[in-house]
Amino acid sequence: MELPVISHSGPKAEGGGCASSGCGSAPDALAHLPDHIRAKVQDHPCYSEEAHHYFARMHVAVAPACNIQCNYCNRKYDCSNESRPGVVSELLTPDQAIRKVLAVAAEIPQMTVLGIAGPGDPLANPARTFDTFRQLSEKAPDIKLCVSTNGLSLPEHVDEIAKHNIDHVTITINCVDPEIGAQIYPWIYWQNKRIRGVEAARILIEQQQKGLEMLTARGILVKVNSVLIPGVNDQHLAEVSKIVKAKGAFLHNVMPLIAEAEHGTYYGLMGQPEPTAEQLQALQDECAGDMAMMRHCRQCRADAVGLLGEDRGDEFTMDKIDVMDIDYAAAMARRKEVHDAIIDQLEAKRGNAPAAAVDRGIPAGSRPVLMAVAGKNGVVAEHFGHAREFLIYEASPAGVRFIGHRKTELYCGGMDSCGDVIEAGASESLLDRNIRILEGCEVVLCAKIGYEPWGKLEAAGIAPNGEHAMEAIEDAVLAVYKEIAATGKLAPAVDSKKVA
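Residues numbered from 1 in each chain as written. Predicted model: local features only at pLDDT ≥ 70, side-chain atom pairs only at ≥ 80, totals over all residues. Heavy atoms only, no water.

Enquirer: Pulling in residues and values, what's your account of the sheet that holds strand 18 (residues 443–445)?
Expert: On the basis of which strands lie adjacent, the open sheet formed by five strands has the order 17-16-13-18-19 and mixed pairing. On the outer flanks of this sheet lie strand 17 (399–407) and strand 19 (463–465), each paired with one strand and no other. Averaged over all neighbouring strand pairs, the angle between strand axes comes to 25°, with direction disregarded. Sheet topology note: the strand 13 (residues 369–373)/strand 16 (residues 389–396) ladder contains five bridges and is antiparallel. Paired with Leu370 across the bridge in strand 16 is Glu394. (Pairing = 2+ DSSP bridges. Helix = DSSP H or I, 4+ residues; strand = E, 2+ residues; numbered from the N terminus. Axes fitted to C-alpha atoms, helices over the stretch in contact; angles between N-to-C directions.)

Rendered as structure tokens:
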């Protein structure tokens, strides 16, 4: 079968700020960027909190080897039940990856971004990685290309990255202090030697910083990922944020450590605590004073497919792709129509962004309120019991901003009734666990909610709300905030220390 060339000549996004709570932080969080950079990222699902409701991404797992070891990483193959970096079900050759990308592009027209992020490090597998990018540049020029790396081999591959029109690179930088790095990285493989301890961390940090400077000098956009590890780098990441911004990174993504023992990582087996939602938000807010923060990251698998927050990888295994009968010409025409319609919708939304809460009758000085939303595609769309994650928004007199997401477990088996499921050996039900995960939220918005969770949420001090089904999330959150304001419950909390 001859593979087609995908083309797309739809309108380019014009410069202009992200609206509402878009771009993963405060309103117009990327407004500080030059117009040409903002135009590149405002419709990118991995960078824009707004765009990820509309555009999809996929990762192809062509890079098995890694040149460093991280205490939070354990690469797993043929593992369909884990959603975290380094996990894949199929390792692909470059030719297989191209076939998969074109099949997904035909079946999911919203897919606009292709990334290589593992399961090892793409730049520790340069032949496989750049062969894949070379073919994609030729056969699917409308798809944005991204690569993620630990940065150890980055400087020697900057020219090749630029050659293949890869204009978005993510570097994982967890520290700029070798003493802290030695607690995160047991070893690196550098110049045909395995190096350990502080010396290994020093080399890695130097290479990361050099690569960052080289990329930004070439006009290549750099996002920095950092894993928040309590007791290790939690007091250090604000400094990391300042330094990477000074060297040209345009976005910082602070992610929570995943350290569950069943994943088999060193941190997981040693009982290293994961950060709480409150710890993560506090650090993100602290770093946000220095640069734009990404808050909608889902810490995707290395073979993820679909919108952020969903994974359709099981639909596109190679055995299924081999028997697909796809009219590529028709599919590519459909892609252009879908892309143009989404861009028109986003531009219209940006032109009609919700006004700040203070302009809607909210008293100045009112305290902020966290709300959890069972949302999908930018609207309040899911049944409480069917949600696998809740989007967390903060409403305040300044408006509505996206804070992050909290993963929950599906406990509801039907549309109208849900069981109080208790896993074997668990001390609490899935419902109780999900409610505990929403701690700190005062309201939960969903399309529908059953009697039992309604009562338990109220008992936990969380007001359930099913009155805004299929409304835009930001509009619904603002409407509920206004309703709370009308009750007089938004007065600022009294600081007992100041009173004393």
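That covers the picture; the talk isn't over yet.
Enquirer: Describe a nonpolar patch on the surface, and please don't skip the residues or the numbers.
Expert: A surface patch of nonpolar side chains, about 360 Å² in accessible area, is lined by Tyr266, Leu269 and Met270. When you line up the elements, Met270 lands in the loop between helix 8 (266–269) and helix 9 (277–287). (Patch = residues over 30% accessible without salt bridge, like charges linked within 9 Å, V, L, I, M, F, W, Y side chains within 5 Å. Areas by Shrake-Rupley, 256 points an atom, 1.4 Å probe, with all protein chains shown as cover. Salt bridge = Lys/Arg side-chain N within 4 Å of Asp/Glu carboxyl O.)

Enquirer: Give a description of the sheet that holds strand 9 (residues 193–196) that names residues and reports values.
Expert: Spatial strand order, 2-8-9: three strands in an open sheet with antiparallel pairing. A single partner strand is all that each edge strand has here, and the edge strands are strand 2 (68–69) and strand 9. The pairing of strand 8 (residues 187–190) with strand 9 spans four bridges and is antiparallel. The partner of Trp190 across the bridge, within strand 9, is Lys193. Sitting on the sheet, helix 6 (residues 197–217) touches strand 2, strand 8 and strand 9, and the angle it makes with strand 9 is about 105°. (Contact = heavy atoms within 4.5 Å.)

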